[in-house]
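Survey of secondary and tertiary structure
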Amino acid sequence: MSEKKDFINDEEIFRLLEEGKNPEKAEIREIFAKSKDMVRLEPAETAKLLQIQDEDLLEEMFSLAREIKEEVYGSRIVFFAPLYIGNNCINNCLYCGFRRDNKSIVRKTLTMDELRDEVIALEKNGQKRLILVYGEHPMYDADFIVKTIETVYETTAGSGEIRRVNINAAPMDVEGYRKLHEAGIGTFQIFQETYHHETYAKLHPKGDMKSDYQWRIYGLDRAIEGGIDDVGIGALFGLYDWKFEVMGLLYHTIHLEETFGGIGPHTISFPRIEPALDTPFTQQSKYKVSDEDFKKLVAIIRLSVPYTGMILTARESPEVRREVIPLGVSQIDAGSRIGIGGYAEAAKGYIPEKEQFHLGDIRSLDEVVREVCSIGCVPSFCTACYRAGRTGDHFMSLAKPGFVHKYCMTNALLTFKEYLLDCPSEETKRIGEAVIQKQLEAFEKESPEKRKFAEDKLKLIEQGKHDVYV
Ligand code: SAM
Ligand code: SF4
């Protein structure tokens, strides 16, 4: 694999970033207009956005990012939770608490019984979508991962159930992905960590499985070949220059689109590096991204790939999440615990010796749901697209022209209503019901039939029916 040339050309990225310096206002406005038309940008255009210094243009860019988010995704925010299955790892990635040589970490893999306990705790909180996360270890092969997926789907608590399982694990061969596809996974995520070849080689010691840049960067090509329709890309910001990484994400998107008939990544993730137990690199990196630059990179990704889902994780603090969500984010996790076994041990917010890094937002799902309502968004627990076969090219045909929110807002209301009935505090119930009413009024303005349609479905949920979707 390592003999193969890949599609990230470091020299070309440096050249475009150099040429993009001091962009004219007029050319930036042309690029804005293209994003507004929901057209994916070319690398030379994104490079210019990355070089904007002018305060007015930056403000325009932020407001356009908000507008595009609203146009493509509406005011929905989809909720999920991470579930760490095991922290054994054969690699030594310098930035990660789970790395092989970190003796301060207590190694642990959930048994199937422990996994059930975790799932029940999550379902009791109202979660419907999970991402299962694994270290890289021969123990966590495709058959083991399939077993964990099956266990999650089989485990129900009262009316609670997990309806979509996504995976973040080491890259596999096509056969492995095929097994996961048959087990019914949603998205398979692989973060390239850094797209910069030299930095990649420095941070992933030679001889480790993960040191093979090409094996990793083609990991999602193999996933699609193995039948997985939805794939998620990402870069870990803070390992190298953030502008370079945004370019890498764009080139990766273009590669997938060109290779698979227009189907790009389903989601883009842009985690920032967080402190981790006995992991000095996390404090020392000279490329750590400031909050100001973080806002810019989120808005620039939104403008560059207007129709792709964007995930903001609980690595970020509540304050940063509040500011950044409106700039283009479509999915967040909440109520998250990343210590292995952390949900069943809910009383402990942190279990540092079993965690990969330190989370910035450990508020409850209920609290975050309430906050999302207060910024005018509609929390969604929807899993309908994947179960109705609206994935891959079908999803893209809906997403690209900006139709998603029209299709999905009804499902958001239905799943949110289910959440409100099953779980939370009176306060959340009150605020949440107001959000639903407001959205019904918006439907009414589009057409009275649309409102009636949604109201009829909502009544089914009030009468005790679960899992109603269109
Ligand atoms: N072990 C697999 C792998 O590396 O592909 C699965 C993913 S790993 C458990 C999840 C992700 O966490 C990594 O891809 C990396 O981007 C991120 N990560 C690692 N160390 C981190 C840190 N200190 N702060 C924030 N994110 C980190
Ligand atoms: Fe292992 Fe993944 Fe952490 Fe690297 S990032 S040390 S592969 S868990």
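Structure: see above.
The present account deals with the structure reproduced in this document.

1. Here's the deal with unusual backbone geometry
Of note, Asn22 is a non-glycine position whose phi angle comes to about 50°, a positive value. Inspection of the secondary structure puts Asn22 in the loop between α1 (10–19) and α2 (25–36). Note on Asn22: relative accessible area 70%, which makes it exposed. You will see that Asp467, though not glycine, has its phi angle at about 60°, which is positive. Assignment of secondary structure puts Asp467 in the segment after α20 (448–462).

2. Some details on the site of ligand 1
Not every one of the 21 residues close to ligand 1 is listed here, only the nearest: Tyr95, Glu193, Lys210, Arg216 and Glu274. At a separation of 3.1 Å, a nitrogen atom of ligand 1 approaches a polar backbone atom of Tyr134. With respect to ligand 1, the backbone of Glu274 contributes an N or O atom lying 2.9 Å from a nitrogen atom. Coverage of ligand 1 by the protein amounts to 97% of the 560 Å² it exposes when considered alone. At the level of elements, β2 (129–134) and β4 (187–193) are the ones that each hand at least two residues to the shell around ligand 1. Split by residue class, the shell around ligand 1 holds 10 nonpolar, four polar and seven charged.

3. Some remarks on the nonpolar core
Counting residues in each nonpolar core, the largest one holds 143 residues, and the members touching the most others are Ile167, Leu180 and Phe188. Ignoring any residue separated from it by four or fewer positions in sequence, one finds Phe188 in contact with Ile167, Ala169, Ala170, Met172, Tyr177, Leu180, Leu220, Ile228, Asp230, Val231 and Gly232.

4. A few points about the site of ligand 2
The full set of residues close to ligand 2 is Cys89, Asn91, Cys93, Cys96, Phe98, Arg99, Gly135, Lys210 and Gln356. Of the residues in the shell around ligand 2, the class split is four nonpolar, three polar and two charged.

5. Considerations on the environment of Ile162
Mapped onto the elements, Ile162 comes out in the loop between α6 (142–154) and β3 (164–168). Ile162 sits in the buried class, given a relative accessible area of 4%. Separated by 258 residues in the primary sequence, Ile162 and Leu420 place their C-alpha atoms 17 Å from one another. Contact partners of Ile162, with chain neighbours within four places excluded, come to Val119, Glu123, Gln127, Lys128, Leu130, Val152 and Tyr153.

6. A short note on the environment of Cys377
By the element assignment, Cys377 lies in the loop between α15 (365–374) and β9 (378–380). Distance from Cys377 to Tyr287, taken between C-alpha atoms, is 33 Å for residues 90 residues apart in sequence.

7. Observations regarding the pattern of salt bridges
Where charged atoms of side chains with opposite charge meet at close range, the side chains can pair. Applying the stated criterion to the full structure yields 40 salt bridges. Put simply, Glu45 and Lys34 hold a salt bridge, and the shortest N to O gap is 2.8 Å. Of the two residues, Glu45 sits in helix α3 (residues 43–50) while Lys34 sits in helix α2, which places them 11 residues apart along the sequence. Look at Lys34 and you get partly exposed, because its relative accessible area is 22%. Here Glu193 makes a salt bridge to Arg216, at a shortest N to O gap of 3.1 Å. A residue pair is termed long-range when its members are at least 10 positions apart, and Glu193 in strand β4 and Arg216 in helix α9 (residues 213–217) qualify at 23 residues. As far as the burial class goes, Glu193 and Arg216 line up, both buried. What emerges from the salt-bridge pattern is a single network uniting Arg321, Arg322, Asp333, Asp361, Arg363 and Glu371.

8. Brief notes about the packing of helix α19 (residues 426–446) against α20
At a minimum axis distance of 5 Å, the contact between α19 and α20 shows a crossing angle of 145°. Within the contact between the two elements, α19 uses Ile436, Gln437, Leu440, Glu441, Phe443, Glu444 and Glu446 and α20 uses Pro448, Lys450, Arg451, Ala454, Glu455 and Leu458.

9. Section: the side chain of His255
Structurally, His255 is set in helix α11 (residues 242–259). Assessed through its relative accessible area of 13%, His255 is described here as buried. Once residues within four sequence positions are removed from consideration, His255 is found in contact with Phe7, Tyr218 and Asp221.

10. Observations concerning the environment of Phe270
Its place among the elements puts Phe270 in the loop between β6 (267–269) and α12 (281–284). Taking C-alpha positions, Phe270 is 21 Å from Phe381, a pair spaced 111 residues apart along the chain. Apart from residues lying up to four places away in sequence, Phe270 is in contact with Ala235, Phe237, Phe294, Leu297, Val298, Ile301, Met310, Ile311, Leu312 and Val329.

11. Topic: the pairing of strand β5 (residues 230–235)
Taking burial as the measure, the six residues of β5 include six buried ones, the bulk of the element. Residues of β5 alternate between two faces, with Asp230, Gly232 and Gly234 on one and Val231, Ile233 and Ala235 on the opposite face, all of them buried. By the bridge criterion, three bridges tie β5 to β6 in an arrangement that is parallel. The residue bridging Ile233 from the neighbouring strand is Ile268, located in β6.

Thresholds, definitions, all that
Residues numbered from 1 in each chain as written. Chains lettered and ligands numbered in written order. Predicted model: local features only at pLDDT ≥ 70, side-chain atom pairs only at ≥ 80, totals over all residues. Heavy atoms only, no water. Helix = DSSP H or I, 4+ residues; strand = E, 2+ residues; numbered from the N terminus. Buried < 20%, exposed > 50% of the residue type's maximum accessible area, 1.4 Å probe, protein only. Near = heavy atom within 4 Å. Polar contact = N/O pair within 3.5 Å; in protein donor to acceptor, adjacent residues only side chain to side chain. Areas by Shrake-Rupley, 256 points an atom, 1.4 Å probe, with all protein chains shown as cover. Nonpolar A, V, L, I, M, F, W, Y, C, P; charged D, E, K, R; others polar. Core = buried A, V, L, I, M, F, W, Y, C linked by side-chain atoms within 4.5 Å. Contact = heavy atoms within 4.5 Å. Salt bridge = Lys/Arg side-chain N within 4 Å of Asp/Glu carboxyl O. Axes fitted to C-alpha atoms, helices over the stretch in contact; angles between N-to-C directions. Pairing = 2+ DSSP bridges.

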